[in-house]
Amino acid sequence: MNKHRKSYLSLCTLAALSSFTLPLQALAMQQDRSEDDEEAMEKITVVGSNIRGAQAAGRLPVTILDSDDIINTGAVTGDELLRSIPQVGDISFNNERSIGGVNDARGDVASINLRGIGTGNTLTLLNGRRLVLHPGTQTENFVPVTTVNSNTLPVTGLRRLEVLRDGASALYGTDAVAGVVNYVLKKEVTQTQLNLSAGNAEGTSMQQYLASGSTGVFFNDNKSHLSLSFAYYTRDEIGANERSYSASEDRRFNDRIPEAFVGDTQLDNRSLSSPWAIYDGENIGRFHIRPESMGDCFQTLSDGVCAAEGSIPRDMRYDSAQDQSMTSAIDRVNLFAYYTHSLAPNLELFGEALYYEALSKRRREQNANLTAQRFTISEDAAYNPFGETVTLRNIRPMDVGPRRIEVEDSSYRLLGGIKGYSKQWEWESALLYSRADTLDTGYNRIRVSALQQAINSTNIEEAYNPFIGGNPDNVNNGTSVYNSAAVIAGLTEDITRDSTSELAQWDFKLSNPALANWYAGDIGLAAGVEYRYEAYADDRHYLLDGSTPFYDQVTGELMTNSDVLGSSFTPDSEGSRNVFSAYTELLVPLHQTIDMQLALRYERFSDVGSVTKPKVALSWLPVDWLQLRASYSGGFRAPNLPQVVEESVSRTNSRTDPVIDDRYSITEIRGGNSKLTPEDDEIYNVGFAVTPFENFLITVDRWTIEQENVVGILNSQTHLLYDSLLRSQGSSNPAVIRNDDLEVVYVNNQYDNLEVREISGTDISINYEVNSEALGLFNFSINAAHLRKFMQTPDPISAIVLEAQENGNPAVPIDIPVVGAGDLRQMDGNPKWRSFARLDWDLGNWGAGIRVNYVDDFYETSVTTSDGEMMPIDSWITTDIYLDYYFSQESLDGLSLRIGARNLADKKPPIADESFGYFSDVHSNRGRYTYATLSWAF
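Residues numbered from 1 in each chain as written. Predicted model: local features only at pLDDT ≥ 70, side-chain atom pairs only at ≥ 80, totals over all residues. Heavy atoms only, no water.

Asker: It is not clear to me how the environment of D680 should be interpreted in this structure. Could you clarify?
Answerer: Assignment of secondary structure puts D680 in strand β33 (residues 679-690). According to the relative accessible area criterion, D680 is partly exposed, its value standing at 29%. Taking the C-alpha atoms as reference, D680 lies 7.8 Å from G634; in sequence the two are 46 residues apart. Residues in contact with D680, not counting those within four places in the same chain, are K613, G635, E706, Q707 and E708. A distance of 2.5 Å separates a polar atom in the side chain of D680 from a polar atom in the side chain of K613. (Helix = DSSP H or I, 4+ residues; strand = E, 2+ residues; numbered from the N terminus. Buried < 20%, exposed > 50% of the residue type's maximum accessible area, 1.4 Å probe, protein only. Contact = heavy atoms within 4.5 Å. Polar contact = N/O pair within 3.5 Å; in protein donor to acceptor, adjacent residues only side chain to side chain.)

Asker: In this structure, what is going on with a nonpolar patch on the surface? I would like to understand it.
Answerer: On the surface, a nonpolar cluster with roughly 730 Å² of combined accessible area is contributed by L194, F230, L335, Y355, Y412, L414, W936 and F938. Within the element layout of this structure, F938 appears in the segment after β48 (929-937). (Patch = residues over 30% accessible without salt bridge, like charges linked within 9 Å, V, L, I, M, F, W, Y side chains within 5 Å. Areas by Shrake-Rupley, 256 points an atom, 1.4 Å probe, with all protein chains shown as cover. Salt bridge = Lys/Arg side-chain N within 4 Å of Asp/Glu carboxyl O.)

Asker: Sorry, what's going on with helix α11 (residues 796-806) here?
Answerer: Residues spaced three or four apart along an α-helix point in a common direction, a consequence of the helix completing one turn every 3.6 residues. Turning to α11, its buried residues number three or more, namely S798, V801, A804 and Q805. Burial along α11 is one-sided: seen end-on, the buried residues are contained in an arc of 130°. Across α11 from its buried face, at more than 90 degrees, point the exposed residues P796 and E806. One side-chain oxygen of the residue at the start of α11 lies 3.1 Å from the amide nitrogen of I797, identifying that residue as D795. Looking one or two places after α11, you find G808, whose phi comes out positive at around 75°. (Arc of directions from axis to C-beta.)

Asker: What am I meant to see in the sheet that holds strand β2 (residues 122-126) here?
Answerer: Strand-to-strand pairing in sheets goes through backbone hydrogen bonds, with the strands running parallel or antiparallel. Strands sit in the order β1-β6-β7-β2-β3 across an open sheet of five strands; the sheet is mixed. Pairing within the sheet leaves two strands with one partner each, and these edge strands are β1 (62-66) and β3 (129-130). Judged from the two bridges that link them, β2 and β3 form a sheet pairing that is antiparallel. Considered in β3, the bridge of L126 is made with R129. (Pairing = 2+ DSSP bridges.)

As structure tokens, this is what we get:
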């Protein structure tokens, strides 16, 4: 191999490993390796090509974190590790995402969202093969999305994490639209290592502990090798009342709220659904319960409470923050085994086994009734003092006590395969089965029918009194009077959601890095076939799934198909699909300085048809210190199974109704759509890598993703705006169903294919390494992701509403935004910039590092001024540090100690009108987190 060619390969490898890299000095030494050593080096497989031993990754933007890089992030969980990579967007599946109803993917789960274009657009692999999806779903753009759970894998058990920041549908699967995240676990472990870590989030009760280790052994005359690794992780909860920004749902006067929004009632998220219940009397009209000391009573009740006309005033609304966990308590176990056995010099058996189990615990306030659960209290009910029939509008029975939520997550993965080598050919085949299960249990839930029966009982010993109110000394929280324990015991049940997902896969693949030789060098080939089976099942409790509907026991009217207070009806669902794939890939040198990668993949889905997608990548080295690269690929993402198979699902959210000028809880009936068509994508990437002098590397990559037929749903708020506009013109929106008082009964909605979405950005990385015998080894790097464009073409209805708002039509007030359409850059967690800069140092027994993390500002669309200006969310800068010491004494050989701190300055996350007062999918609530880690290798 000539010198020019070796320089080219070295630069390609440097470019591929940009952002987090293997030491630049070590990579530069490749130019001085013998050809045998270089061939061994090239056998390392990096995500970006199926041709083993080829330098395909150099043509593509790849970020790699090796085990040292991972440790230096200070991350303990998969969630924290992914957040350390700027190209990974918002983490919508997270422990603090929301207060979390039974329809959320609660528990120990974190999503993967490369480029921020949406969960489900990133293909996630373990050792080069797919991971099973987490069985829980989350709504994103108001449709259910699924993800691989990044907490399934132990952070300390990773050999490296590879992130291909380019479309890879033709290489790995048509759903690799934004790219690929490949977790590589430690396989051929030859020594034993133990790690103990403990940390504390300052100002909270959260303690966090991690014990992990790995070992390996050869046997059968060194023909067999078994590697084992484990991790046990535990942490305490963080209560919402432990942070100033989450301690109250009323943030109108928080000292960090922008001046233009101070006092804005949009920032008051306290609830009308309070222990100070609201009723409609047959003759009395609307009234509520209040402390007698507040006056304006028309009837005294008991224990210092009375009835007053109208709804409860704002200063009596319920503040749930005192009764909630913000961060769940978690116990987690990760186990991994890797086995190899040599059958012959060129033939090997291999196998993987992975097991994950976690228990998540959190507490929540007691539920209030939904709009569809407003039932009748008869005139002769034991505790009805009004002498007439009344309708219960809103109540939160606090005397029943809070709820406890426990989520048991588990998954396992079994893989067996065989691979062989013959001259330049390498082949491999494997069979994989993986399953994930989630059992979500909500303890102390109230059954609506039991509550109405107890309220309407004429026997005072068996009756429930709904007129007791709350706590007169703290009207926003708690209660001071209780119904009897015997009566309360008859109201509650434990509500479960049991979800399962499965993945079974068989594959066969072969490759040859030197299939043929022509004028410019060796032509490489890879080809393969895959068959996989995916299944999903969601089994709801019988009180939720529609089999036990709730009827008003006085009127006989069907109210809702859910008999659980505060939870919408959700039917059971299940589905499966089979996918067959075939692919081929060529690496063709066009010149000593120009290489081309060609790939083509065919996939046939059992439910949505078939597709063929290409990829073309070019790399040119005009001089030995500069590489230019470009790629084009096609993508194809089938709707996930819940989007197709879910039946009509009721969801209730607070919406602003411009027709009656009020904001209240509105039910939306969403449905899966078997007629959904797959998303079609085109991905472009162009960039360069330059090494102006030794051990200094700069890479810049500009990318664009164009998506058609993105699965989404028209926001129910937009439906209400459209209905208001049509009513001003003499008609109405048929999707919005109203009663005689023009209140919305429900909104009919269905998942659908939306218009074109275009997203583009630029990745920039700088790496520099200096090695001084006297001062030590310094490694400096910057990694930045710039979002240049995020444009969702409005659907026809959104376009009509937007035009009317621009024209100043009063029927569609401009301060009620049209969500999910138009320019989405800098909106709700899509900042222009995410970046970090780090400096690591090693000298002798000592090591240290500092890292500065930056998230740019953006806007919150749910809070606007009367002129339509959105509330800004400030930029956020945090600093992490660590200090290492490696013991060299003979008795302590292999022992090392690290102390560190994340968010050293204890920066609060920017204030926002979100659950717990900040954007949990972008920012963190940990504050200053200090930790110590003790490691021993022997």
